[in-house]
Amino acid sequence: MQAVKITDTREFMKQLLAGDVFDTFLFSEAALTTFTTFTIDGSWHPDYYQSEEDPENAGADPVPETLTWKLMRPVLFDIIKGRHTPISFRIVLRLADYNVNSLLRSDAPMVDPSSVAGLFLNISYQGDEVTCTTGTSLKIFTMDKTLDHVWDDMVLRFFRSRQIGYETL
């Protein structure tokens, strides 16, 4: 697990909520506190969208297969935007399976992709400060921390490549 404090909150929030930097991540859950607390459990209900076979739905965008940050970003942005900054929020993103497989192939070939339940990025905002924490979830028990270290390093490389300033905690 790696925890970092984001050094430029304003720029990070712009990239998170208005940019496409995190759009390849999947959305897991969120809790936002503004005038009330909104809790989103990340359950995906694709049946909400009309069937593509429905003649009234001809030409519509295809139903997404997973709940991505790209899909959820405008929803959360609508809750957050306004004259007041939120009191706090916590957003949990998960690395998409195809990216997990790619990461393991290149950086941890000894880790079996089928044993990985998820690689998570927890983003917390409180008192004008943003903290990001990595997390891993495995389907098996192991004392080996290779995956933790690989994921931690990958997130820091991701931040550097997107010019997201941070300080390790």
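It should be emphasised that the depicted structure is a prediction, and the values quoted were computed from it without experimental measurement.

About the cut-offs
- Residues numbered from 1 in each chain as written.
- Predicted model: local features only at pLDDT ≥ 70, side-chain atom pairs only at ≥ 80, totals over all residues.
- Heavy atoms only, no water.
- Helix = DSSP H or I, 4+ residues; strand = E, 2+ residues; numbered from the N terminus.
- Buried < 20%, exposed > 50% of the residue type's maximum accessible area, 1.4 Å probe, protein only.
- Contact = heavy atoms within 4.5 Å.
- Areas by Shrake-Rupley, 256 points an atom, 1.4 Å probe, with all protein chains shown as cover.
- pLDDT = per-residue confidence, 0-100.
- Phe/Tyr/Trp six-rings, centres within 6.5 Å; stacked < 30°, edge-to-face > 60°.
- 1 Å grid on protein atoms, 1.4 Å probe; cavity = no way out; pocket = protein on both sides within 12 Å on 5 of 7 lines; lining within 4 Å.
- Points joined across faces, edges and corners; volume = space filled by probe spheres on them.
- Nonpolar A, V, L, I, M, F, W, Y, C, P; charged D, E, K, R; others polar.
- Pairing = 2+ DSSP bridges.
- Axes fitted to C-alpha atoms, helices over the stretch in contact; angles between N-to-C directions.
- Parallel < 35°, antiparallel > 145°, perpendicular 65-115°, else oblique.

## Overview of the overall build of the chain
Phase 1 of the analysis: If you tally the helices and strands in the chain, you get four helices and seven strands.
Phase 2 of the analysis: Listing each helix as α and each strand as β along the chain from the N terminus yields β-α-β-β-α-β-α-β-β-α-β.
Phase 3 of the analysis: On the principal axes, the C-alpha backbone points of the chain span a range of 50 × 40 × 30 Å.
Phase 4 of the analysis: The 169 residues of the chain split such that 40% are buried.
Phase 5 of the analysis: Long-range pairs, those at least 24 residues apart, make up 68% of the contacts in the chain with a sequence separation of at least 6.
Phase 6 of the analysis: For the chain, the computed accessible surface area is about 10,200 Å², with 51% contributed by carbon and sulfur atoms.

## Focus: the confidence of the model for the chain
Phase 1 of the analysis: Chain-level pLDDT for the chain is 90 on average; 91% of the residues reach the 70-or-more range.
Phase 2 of the analysis: Mean pLDDT across the secondary structure elements of the chain bottoms out at helix α3 (residues 97–107), with 92, and peaks at strand β1 (residues 3–6), with 98.

## Here we look at the packing of aromatic side chains
Phase 1 of the analysis: In total, this model carries nine aromatic pairs according to the counting rule given.
Phase 2 of the analysis: With 6.3 Å between their ring centres and 25° between their planes, F27 and W69 make a pair best called stacked. Taken together, the residues F27 in strand β2 (residues 26–33) and W69 in helix α2 (residues 69–80) connect sequence positions 42 residues apart.
Phase 3 of the analysis: Accessibility expressed as a relative area gives 0% for W69, which makes it buried.
Phase 4 of the analysis: By way of ring pairs, the aromatic residues F12, F22, F25, F158, F159 and Y166 are connected into one cluster.

## Notes on the layout of surface pockets
Phase 1 of the analysis: Its volume calculated, the largest pocket comes out at about 350 Å³.
Phase 2 of the analysis: The wall of the largest pocket is formed by 15 residues, among which R10, M13, K14, L17 and T85 lie closest to the centre.
Phase 3 of the analysis: Mapped by element, the contributors of at least two residues to the lining of the largest pocket are α1 (9–17) and α2.
Phase 4 of the analysis: Sorting elements by how many residues they give to the lining of the largest pocket places α1 first, with five residues.
Phase 5 of the analysis: Among the residues forming the lining of the largest pocket, the class breakdown is seven nonpolar, four polar and four charged.

## So, the sheet that holds strand β6 (residues 129–138)
Phase 1 of the analysis: If you walk across this open sheet you meet the seven strands as β3-β2-β4-β5-β6-β1-β7, and the pairing is antiparallel. Edge strands, defined here as strands with exactly one partner in the open sheet, are β3 (37–40) and β7 (166–168). Along the sheet, successive strands turn relative to each other by an average axial angle of 20°, direction set aside.
Phase 2 of the analysis: Across the sheet, helix α4 (residues 146–161) touches β1, β5 (116–126), β6 and β7, and the angle it forms with β6 is around 145°.

## A word on the packing of α3 against α4
Phase 1 of the analysis: Where α3 meets α4, the axes come as close as 11 Å, and the angle between the chain directions of the two elements is 110°. Between α3 and α4, the angle is such that the two are roughly perpendicular. Only L147, V150, W151, M154 and R157 of α4 make contact with α3, whose side of the interface consists of L103, L104 and D107.
Phase 2 of the analysis: Residue composition of the contact of α3 with α4, by class: six nonpolar, no polar and two charged.

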